[in-house]
Amino acid sequence: MSFCLIILAGGNSHRFSSNIGKPYQKLAGKSLIEINVIKARKFKEIKKIILVFNKKDSKRVKSLKLKNVKLIAGGKSRKQSTFNALKYLISQKGTSKVLIHDVARPNFSKKLLSSILFNMRNARAVVPKIKVQDAIKQIIDSSKEEYIVGKRRDNLFLTQTPQAFSLKEIYHLHKTNSGKYKDDDISLYVDLNKVKFIEGEKSNFKITDYSDFENLKNIYKSKQNVGIGFDVHRLVPKRKLYLAGLKIKSKLGTLGHSDGDPVLHSVTDAILGACKMGDIGQMFSDKNKKFKNIRSTILLRRVVDQIKSKGYFVNNIDINIITQTPKIKNYKNKMIDNIAKLCEISRDQINIKGKTTEKLGLVGKEKAIACEVICSVIKYD
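1. What to know about the packing of helix α3 (residues 78-90) against helix α6 (residues 167-176)
Thinking step 1. At their nearest, the axes of α3 and α6 sit 10 Å apart, and the two run at 135° to each other. Considering their axes alone, α3 and α6 lie oblique with respect to each other. Where α3 crosses over α6, the two elements pack in a sense that is left-handed. Of the residues in α6, those touching α3 at K79, T82, F83, L86, K87, L89 and I90 are L167, K168, I170, Y171, H174 and K175.
Thinking step 2. The residue makeup of the contact of α3 with α6, split by class, is 7 nonpolar, 2 polar and 4 charged.

2. Here we look at the environment of A104
Thinking step 1. Positionally, A104 belongs in the loop between β6 (97-102) and α4 (110-119).
Thinking step 2. With 231 residues separating them along the chain, A104 and M335 place their C-alpha atoms 35 Å apart.
Thinking step 3. Each residue touching A104, except ones within four places of it in the same chain, is listed here: K22, F205, K206 and I207.

3. Quick look at the environment of K251
Thinking step 1. Looking at where K251 falls in the secondary structure, it is placed in the loop between β15 (246-248) and β16 (252-254).
Thinking step 2. In this structure K251 comes out as exposed when scored by relative accessible area, which is 79%.
Thinking step 3. The spacing of K251 and R239 is 12 residues in sequence and 8.3 Å in space, taken between C-alpha atoms.
Thinking step 4. In contact with K251, other than residues within four places in its own chain, are P237 and K238.

4. Concerning the nonpolar core
Thinking step 1. Within the largest apolar cluster, 44 residues are counted, with the highest numbers of intra-cluster contacts made by I271, I317, I319, I339, C343 and I352.
Thinking step 2. Looking at this core, the elements with two or more residues in it are β14 (241-243), β15, α8 (262-274), α10 (296-309), β17 (312-322), α11 (332-343), β18 (350-355) and β19 (368-379).
Thinking step 3. Residue contacts for I271: discarding those within four places in its chain leaves L300, V303, I307, V314, C343 and C375.
Thinking step 4. Core analysis: the second largest hydrophobic core is formed by 42 residues, V37, I46, I198 and L216 among them.

5. Focus on α6
In an α-helix, one turn spans 3.6 residues; hence positions three or four apart end up facing the same way.
Thinking step 1. Taken as a whole, α6 has its buried residues at L167, E169, I170, Y171, L173 and H174.
Thinking step 2. On the buried face of α6, the contacting elements are α3, β6 and β11 (163-166).

6. Here's the deal with the pairing of β17
Thinking step 1. By the criterion of burial, β17 is predominantly enclosed, with 9 of the 11 residues buried.
Thinking step 2. In this sheet, β19 lies alongside β17 in antiparallel orientation, the contact comprising 10 bridges. Directly across from D318, in β19, lies its bridge partner I374.
Thinking step 3. Direction of pairing for β17 relative to β18: parallel, over a ladder of 6 bridges. Residue pairing for β18: N320 is matched across the bridge by K353.
Thinking step 4. Taken together, β17, α11 and β18 form a β-α-β motif whose crossover is right-handed.

7. Focus on the pattern of salt bridges
Thinking step 1. Applying the stated criterion across every chain yields a total of 10 salt bridges.
Thinking step 2. In this structure, the salt-bridge partner of E344 is K308, at a minimum N-O distance of 3.0 Å. In this pair, E344 is assigned in the loop between α11 and β18 and K308 in helix α10, connecting sequence segments 36 residues apart.
Thinking step 3. Overall, E344 belongs to the partly exposed group, its relative accessible area being 37%.
Thinking step 4. A relative accessible area of 29% places K308 in the partly exposed class.
Thinking step 5. For the salt bridge of D337 with R347, the shortest nitrogen-to-oxygen distance reads 2.6 Å. Taken together, the positions of D337 in helix α11 and R347 in the loop between α11 and β18 put the pair 10 residues apart, joining distant regions of the chain.
Thinking step 6. You can call D337 partly exposed: its relative accessible area is 38%.

Definitions and cut-offs
- Residues numbered from 1 in each chain as written.
- Predicted model: local features only at pLDDT ≥ 70, side-chain atom pairs only at ≥ 80, totals over all residues.
- Heavy atoms only, no water.
- Axes fitted to C-alpha atoms, helices over the stretch in contact; angles between N-to-C directions.
- Helix = DSSP H or I, 4+ residues; strand = E, 2+ residues; numbered from the N terminus.
- Parallel < 35°, antiparallel > 145°, perpendicular 65-115°, else oblique.
- Left-handed = near helix turned anticlockwise from the far one by under 90°.
- Contact = heavy atoms within 4.5 Å.
- Nonpolar A, V, L, I, M, F, W, Y, C, P; charged D, E, K, R; others polar.
- Buried < 20%, exposed > 50% of the residue type's maximum accessible area, 1.4 Å probe, protein only.
- Core = buried A, V, L, I, M, F, W, Y, C linked by side-chain atoms within 4.5 Å.
- Pairing = 2+ DSSP bridges.
- Right-handed = clockwise from strand over helix to strand, strands pointing away.
- Salt bridge = Lys/Arg side-chain N within 4 Å of Asp/Glu carboxyl O.

Following this line, the structure appears as structure tokens:
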């Protein structure tokens with residue numbers, strides 16, 4: 001089966017109370033849009049991704065530089081935004097099934113999406129739902145209210161996204177039954193017996209206001225892992241000096257099997273430690289000739305690609321560069337730019353401090369440069 005995922009991000013976020021709309025709020029440096037896209041790309045069945053955005057957010061969405069994502073301007077309502085995407089999709093070839101998903105539900109699990117895709121093999125529509133377990137009251141008029149209890153409450157449930165449909169059927173329902181549209185696309189089905197409902201997830205809640213976003217941040221904090229990196233290299237003649245990927249003009253360079261960049265080696269080790277993936281020596285052995293004089297930028301890129309494939313992303317990096325010379329403050333901004341690009345994060349997720357040993361030891365005598373790093377990562381399950 002070939003699926004297209006439609007991510008709806010065209011709302012006004014009027015209940016969110018922020019100058020930055022919900023789709024562009026960030027967790028571990030990634031917007032809610034990016035988190036949804038990252039999760040979707042783990043599934044080979046999802047061949048296409050469409051992002052429906054609000055025209056007022058054109059600059060923001062373009063700044064995300066999403067690759068292989070079709071951007072479509074939304075309408076005045078969720079219904080119109082969805083139909084805009086369906087109209088485009090029905091004119092294309094190669095897609096028979098569609099997933100329609102609210103960007104404000106980025107915390108769906110891989111297990112849930114796998115279940116939706118699997119159940120669509122023998123269903124016309126698949127929708128996750130959860131039972132209503134809280135006490136419910138209904139206002140009859142201004143002077144009276146009643147509890148919805150017992151079996152009456154057992155018949156109530158909440159629907160979630162992603163919701164899966166046959167593309168042709170949901171397009172036809174949008175075109176002919178648009179007056180029946182309520183809060184989501186499943187409301188277009190008059191006969192719910194044609195829909196396969198599966199168990200949803202309480203953690204797959206919708207972010208409506210800022211307190212919901214704070215709850216989501218707390219969930220991701222619980223998924224945060226921390227790693228430590230340390231490296232030291234002797235300074236010798238006739239070697240180049242690389243720090244954080246920058247070539248520094250110097251009479252002495254660092255001795256090492258690779259280019260001897262203690263900053264990038266420490267960053268790499270800290271990331272590997274946070275992801276429980278061993279250390280740089282295990283991954284890039286100094287006994288392997290193919291790593292002789294290799295740039296540390298290449299090694300770090302490889303590690304970042306590997307942790308991404310496992311669902312990890314760098315949250316923040318704190319770096320101490322310990323050297324008597326050169327003065328780190330002269331290179332700090334360029335170093336941050338380099339590391340941000342290599343780790344695919346923003347500048348404000350990186351902090352660099354230059355330290356000395358007050359002329360004590362090998363570092364103080366300008367015979368070595370050391371670096372220590374603490375890095376935290378978050379896993380998008």
